[in-house]
Amino acid sequence: MHVKTMEGLAGADTNMKLLQTPFRVYKDARRRGDTAVMERAMEYVGDFSDKTEEYQEIADKGMEEDARQAKEKAEADREAAIQKRREELEELEKKTGENRDENADSIEISEDGRVLLKENGGSDSTVLDVTASDTVSPEPVIYTKSAGAANKPEPGMHISVSV
């Protein structure tokens, strides 16, 4: 909280409490019919009321400064976060750029895969040549929901898929 805000709130509260005393004197004088005491008490009430308004203005200015400072801090934090994110992206691009070859795809082989590769007579540095013919069956296969097994289509049956 800004100093002006604290000063304004404390001053306004104090003057509001001090305003009660001359107002009580005014009420007592009015009950007795003493107009001179009533006028003096109302002057004090007016003075304390004016001071309360002055302190309220100070508190308002302090709150405006608090809001401005909070906005500036939020903007600075936002800029810092943006800068940090940019640096992280640049670092990530450097890492991926170093590891990337324009004409090659990369593959990572698990430990189990390496063991199988060694058992089949290969080494860790073996380059595997996988083509589409190695993975695609030339005959159509239908999988059933219930068994999950592959079934061959019946002869003469024509399957068409529209996309």
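From a predicted model like this one, the values you see are computed outputs, not experimental measurements. (Residues numbered from 1 in each chain as written. Predicted model: local features only at pLDDT ≥ 70, side-chain atom pairs only at ≥ 80, totals over all residues. Heavy atoms only, no water.)

### Some thoughts on the overall build of the chain
From N to C terminus, the chain includes four helices and two strands. Along the chain direction, N to C, the helices and strands of the chain fall in the order α-α-α-α-β-β. Put simply, 54% of the contacts in the chain that link residues at least 6 apart link residues at least 24 apart. (Helix = DSSP H or I, 4+ residues; strand = E, 2+ residues; numbered from the N terminus. Contact = heavy atoms within 4.5 Å.)

### Side note on the packing of aromatic side chains
Evaluated as defined, the whole model comprises one aromatic pair. Summarising the aromatic geometry, the rings of Phe23 and Tyr26 are spaced 6.0 Å apart at their centres and angled 25 degrees between planes, so their arrangement reads as stacked. Here Tyr26 and Phe23 lie together in helix H1 (residues 3-32), a separation of three residues that amounts to about one turn. (Phe/Tyr/Trp six-rings, centres within 6.5 Å; stacked < 30°, edge-to-face > 60°.)

### Re the nonpolar core
One finds Tyr26, Ala29, Val37, Met38 and Ala41 forming the largest nonpolar core, which totals five residues. Residue assignment for this core shows that the elements contributing at least two residues are H1 and helix H2 (35-99). (Core = buried A, V, L, I, M, F, W, Y, C linked by side-chain atoms within 4.5 Å. Buried < 20%, exposed > 50% of the residue type's maximum accessible area, 1.4 Å probe, protein only.)

### Focus on H1
An ideal rise of 1.5 Å per residue puts 44 Å on 30 residues; H1 measures up with 44 Å between its terminal C-alpha atoms. The set of residues buried in H1 consists of Thr5, Gly8, Gly11, Ala12, Asn15, Leu19, Pro22, Tyr26 and Ala29. Gly33, located one to two residues past H1, shows a positive phi value of around 85 degrees. (Expected span 1.5 Å × (residues − 1).)

### Points about a nonpolar patch on the surface
A grouping of Met1, Met6 and Leu9 is seen on the molecular surface, where their side chains present a nonpolar patch of about 350 Å² in accessible area. On the secondary structure map, Met1 appears in the segment before H1. The exposure class assigned to Met1 is exposed, which follows from its relative accessible area of 71%. (Patch = residues over 30% accessible without salt bridge, like charges linked within 9 Å, V, L, I, M, F, W, Y side chains within 5 Å. Areas by Shrake-Rupley, 256 points an atom, 1.4 Å probe, with all protein chains shown as cover. Salt bridge = Lys/Arg side-chain N within 4 Å of Asp/Glu carboxyl O.)

### Brief notes about the side chain of Thr5
Among the structural elements, Thr5 can be located in helix H1. In this structure Thr5 comes out as buried when scored by relative accessible area, which is 2%. Only 3.1 Å separates the side chain of Thr5 from the backbone nitrogen of Met63, close enough to count as a polar contact. Looking at Thr5, its side chain comes within polar contact range of the side chain of Asp66, at 3.3 Å. (Polar contact = N/O pair within 3.5 Å; in protein donor to acceptor, adjacent residues only side chain to side chain.)

Nothing here speaks to function; it is all geometry.
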